[in-house]
Amino acid sequence: AQVYGDRRWIVASDVLAGATSQVDMLQSFGATDVLVVAGSRGTGPVPDVDTVVLGLEADGLMESIHAFDDAMANAGGDVHAVLNRFDPQRGARVIAPLFTQLTRAFGRRVWGPRPAAWRALEDKTVIDEVWRSSGVPVAPSAVVPSDATALRAAASALDAGAGTVWVADNRRGWHGGATGLRWVRSEEQVSAAATFMAERADQVRVMPFLEGIPCSINGFVLPDVTLAFRPSEMVVLRRPGRSDLLYAGMATVWDPPAADRDEMRDHARGVGAHLRSSVGYRGAFSIDGVLTADGFRPTELNPRFSAALDMQ
C-alpha cells in the first residue's frame, strides 16, 4: 500500500481479462484511479474500471505479445487522447506486461522495467556463458551464422543420432514457447529450418536433441541468498513429421528422482549467485532444460517470473 496507494496507475495488458486480478489488487492497496489499456478482450471477467481495448489480432502467442509491445510504443492519437484525459499531468506510471522490453509506454514511464543487462539474458544464443560461470553441466552446442552452410555443418558435427535443435537469436525480439525453435532430423528439414532461421536471426544456437523430460527449475534471487523451488515439468509435445514442437504448458504432477531434484535446485542456487554478482540481478528466474539419463541439461534461462513458479 505504501508503494501503490494514493497513486494513479495505467495497467497495460495484451488481454483485458488477464488484468482483472491486477486491478483488484491495486484497488485493495488504495490506488486512487486505474485505467486499463488492452490489446484484446479475452475470455472471463474484466476489470470494473475504465478501459481501452485496441482490438489487436495476431496469429499466435508471440505475435500477440510483439503486436501489443508495438502498440504501447506507437499508440495512435485516439489512445493518447483517452490517456491524457485520465492523466493530464502525465504522472501515472504504466504497469506493463511481464515480457515487455520497453521502459516507456504510451508516452509514460514503465514501472519497474527490467534493466537491459537482465533482458539481454533472454537471448538463447548467449546463455552458455552463464552455465559455464555457474558450473552447470551442459550439452555440446555451437552458435553459428544463420546461413545454410554453417547450420548444416554444425548439425552434422553435433547430431548424436536423434537430430539437432536449432534456436534463433533475438534479432526480431524475445521469443518463447518453442516458437523460435526447430528440431531438425532430415535433409528436407535442414533446408526448411535454414530458411526459417535466415528470416529471423543473425545467429543460431545448435545442439543435439536431448531425449528425456522437458522441465524447469525456478529460483528467486535475494540480496544474500537464492531460493530454489521444486522442479516443474514443461509439457512439450512432438508433432509427427514436423520440425516445430508444441509447448502446451507446465505441470507439477511429475517429480524427478530425489538426487536429480537436489542437483537441479543446486544449479538454481549457483545460477542465482552468478546473476547476482554479474548483473546485480534480483527476483525470480527459471532454467528450462531436459532431464536426461545423464542428468539435467539446461537449454535456456528466463530472467523473469515464470508461469511455473505460480504453481509452486
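Quick look at the structure, then. As the structure is a prediction and not an experimental result, all values here were calculated from the model. (Residues numbered from 1 in each chain as written. Predicted model: local features only at pLDDT ≥ 70, side-chain atom pairs only at ≥ 80, totals over all residues. Heavy atoms only, no water.)

1. Section: the sheet that holds strand E2 (residues 33-40)
Turning to step 1, where the next piece is worked out: Strand order in the open sheet formed by four strands is E3-E2-E1-E4, with parallel pairing between adjacent strands. If you trace the sheet from one side to the other, it starts and ends with strand E3 (50-53) and strand E4 (93-95), each paired once. Neighbour to neighbour, the strand axes of the sheet diverge by 25° on average, direction disregarded.
Turning to step 2, where the next piece is worked out: Lying over the sheet, helix H1 (residues 20-28) contacts strand E1 (8-15), E2 and E4, oriented at roughly 170° with respect to E1.
Turning to step 3, where the next piece is worked out: Across the sheet, helix H2 (residues 61-73) lies against E1 and E2, angled at about 145° from E1, the strand it touches most. (Pairing = 2+ DSSP bridges. Helix = DSSP H or I, 4+ residues; strand = E, 2+ residues; numbered from the N terminus. Axes fitted to C-alpha atoms, helices over the stretch in contact; angles between N-to-C directions. Contact = heavy atoms within 4.5 Å.)

2. A closer look at the nonpolar core
Turning to step 1, where the next piece is worked out: If you look at the biggest cluster of nonpolar residues, it comprises 21 residues, and the most contacted ones within it are Trp 131, Val 271, Leu 275, Phe 285, Ile 287 and Leu 301.
Turning to step 2, where the next piece is worked out: Of all the secondary structure elements, the ones that give two or more residues to this core are helix H5 (128-134), strand E11 (213-221), helix H8 (258-279), strand E15 (283-292) and strand E16 (295-302).
Turning to step 3, where the next piece is worked out: Residue contributions to this core peak at four residues, all from H8.
Turning to step 4, where the next piece is worked out: Contact partners of Val 271, with chain neighbours within four places excluded, come to Val 130, Trp 131, Ser 134, Val 136, Phe 285, Ile 287 and Leu 301.
Turning to step 5, where the next piece is worked out: Judged by nonpolar contacts, the second largest core, of 18 residues, contains Leu 35, Ala 75, Ala 96 and Leu 102. (Core = buried A, V, L, I, M, F, W, Y, C linked by side-chain atoms within 4.5 Å. Buried < 20%, exposed > 50% of the residue type's maximum accessible area, 1.4 Å probe, protein only.)

3. Section: the pattern of salt bridges
Turning to step 1, where the next piece is worked out: Within this structure, the stated rule accounts for 15 salt bridges.
Turning to step 2, where the next piece is worked out: Between Glu 129 and Arg 132 there is a salt bridge, with the nearest N and O atoms lying 3.4 Å from each other. Separated by three residues within a single helix, Glu 129 and Arg 132 lie in helix H5, roughly one turn from each other.
Turning to step 3, where the next piece is worked out: You can call Arg 132 exposed: its relative accessible area is 56%.
Turning to step 4, where the next piece is worked out: The partner of Asp 244 in a salt bridge is Arg 239, with the nearest N and O atoms 3.4 Å apart.
Turning to step 5, where the next piece is worked out: Connected through shared salt-bridge partners, Arg 114, Glu 122 and Arg 304 make up one network. (Salt bridge = Lys/Arg side-chain N within 4 Å of Asp/Glu carboxyl O.)

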